[in-house]
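Working through the structure, step by step
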Amino acid sequence: MWVKVAVHVLCLLPFLYLLEKYHNGSLALEADPVNFLTHFTGDWALWMLLACLAITPVRRLNASLNWLVRLRRMVGLYAFFYATLHLLIYVLLFSGYDMSAAIEGARAGRLLDPLRQLMTIWPSMLDDLEKRKFIQVGLLAYLILLALAVTSPQRVLRWMGGKNWQRLHRLIYLAGAAAVIHFWWLVKSGVRTPWKDTAVLVVLLAARLAYWAVKRWRKPAVV
């Protein structure tokens, strides 16, 4: 129990750090606060996703590490949480959404004002999506994480059936690849910052393939 509490706290620390920066005013001192928030949440979404992918190969190293599997869903949901923050920052702060007008309208009882503001910027977001490949692949990663988050409860697993659920949740590897590609296409030409995340993903995918190959090799032939 205490392990889950500790992991919850660790996963929340980046979010609490952002809240503290906002409350003490240091966020406004960043050269570009919106850019800082975008990269910060995007980085943590990717790191949480890689941590989730790492749990299965690490637990396979020794039977005593099998308890790690109980943390996999939690870490995956935190990856979705930071990815959602990343997307919201783009929609609410980067794309021209008028937060002040939306909040003032809601306070005045015009509850549809936030939606109207969204509809105002919708054409420009679609234009961004069409023109920018890094947004397309980033959205693909997010939609996969959304599907995995929605289907993560045990009752959904029982409703879908184990095999169908497993097929869907194997898409997490595609989400990881899409997230890394999103990172590469986002940075300027010549910048090699994403190489570390890419290396981690390649190692995790290689471990998965190696386990599958060994398992298939050891499987007795059907006579």
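The rules behind the values
Residues numbered from 1 in each chain as written. Predicted model: local features only at pLDDT ≥ 70, side-chain atom pairs only at ≥ 80, totals over all residues. Heavy atoms only, no water. Helix = DSSP H or I, 4+ residues; strand = E, 2+ residues; numbered from the N terminus. Buried < 20%, exposed > 50% of the residue type's maximum accessible area, 1.4 Å probe, protein only. Contact = heavy atoms within 4.5 Å. Areas by Shrake-Rupley, 256 points an atom, 1.4 Å probe, with all protein chains shown as cover. Lys, Arg positive; Asp, Glu negative; His and termini not counted. Charge placed at Lys NZ, Arg CZ, Asp CG, Glu CD. Salt bridge = Lys/Arg side-chain N within 4 Å of Asp/Glu carboxyl O. Core = buried A, V, L, I, M, F, W, Y, C linked by side-chain atoms within 4.5 Å. Disulfide = S-S within 2.5 Å. Expected span 1.5 Å × (residues − 1). Patch = residues over 30% accessible without salt bridge, like charges linked within 9 Å, V, L, I, M, F, W, Y side chains within 5 Å.

Side note on the overall build of the protein
Scanning the protein from terminus to terminus reveals 10 helices and zero strands. In the protein, the order of α-helices and β-strands from amino to carboxyl end is α-α-α-α-α-α-α-α-α-α. Across its three principal axes, the protein shows a C-alpha extent of roughly 70 × 45 × 35 Å. Out of the 223 residues in the protein, the part that is buried amounts to 34%. In the protein, of all internal contacts separated by at least 6 residues, the share reaching a separation of at least 24 is 63%. For the protein, the exposed area adds up to about 14,700 Å²; of that, 67% sits on carbon and sulfur atoms. Side chains of the protein give 26 positive and 11 negative charges; the mean places of these two sets differ by 23 Å.

Regarding the pattern of salt bridges
This model, assessed by the stated rule, comprises five salt bridges. Salt-bridge contacts for Asp113 lead to Arg110; the nearest nitrogen and oxygen are separated by 3.0 Å. With relative accessibility at 44%, the residue Arg110 sits in the partly exposed group. Of the charged contacts in the structure, one is a salt bridge between Asp128 and Arg132, with a shortest N-O distance of 3.0 Å. Asp128 sits in the buried class, given a relative accessible area of 16%. Under the relative-accessibility criterion, Arg132 is labelled partly exposed at 39%.

Looking at the nonpolar core
Taken as a class, soluble globular proteins show a tendency for nonpolar side chains to be buried jointly. Membership of the largest hydrophobic core comes to 37 residues, with the highest contact counts inside it found for Leu49, Leu53 and Ile172. If you list the elements that add at least two residues to this core, you get helix 1 (2–23), helix 2 (33–59), helix 3 (72–94), helix 6 (133–150), helix 9 (172–186) and helix 10 (195–218). Leaving out residues up to four positions away in the same chain, Leu53 has contacts with Ile172, Tyr173, Leu201 and Leu204. The next biggest cluster of nonpolar side chains, apart from the first, holds eight residues, and it includes Tyr90, Val91, Ile121 and Ile135.

A look at the state of the cysteines
By the definition in use, this model includes zero disulfides. Looking at Cys11, it has no disulfide partner, and the nearest cysteine sulfur is the one in Cys52, 10 Å off.

Considerations on helix 3
Here helix 3 is 23 residues long and its end C-alpha atoms lie 32 Å apart, about the 33 Å a rise of 1.5 Å per residue gives. Backbone geometry just downstream of helix 3 places Gly96 in the positive-phi region, at approximately 100°.

Observations regarding a positive patch on the surface
A cluster of like positive charges, contributed by Arg60, Arg72, Lys163, Arg167, Arg170, Lys215, Arg216 and Lys219, occupies part of the molecular surface. Structurally, Lys215 is set in helix 10. Since its relative accessible area comes to 54%, Lys215 is described here as exposed.

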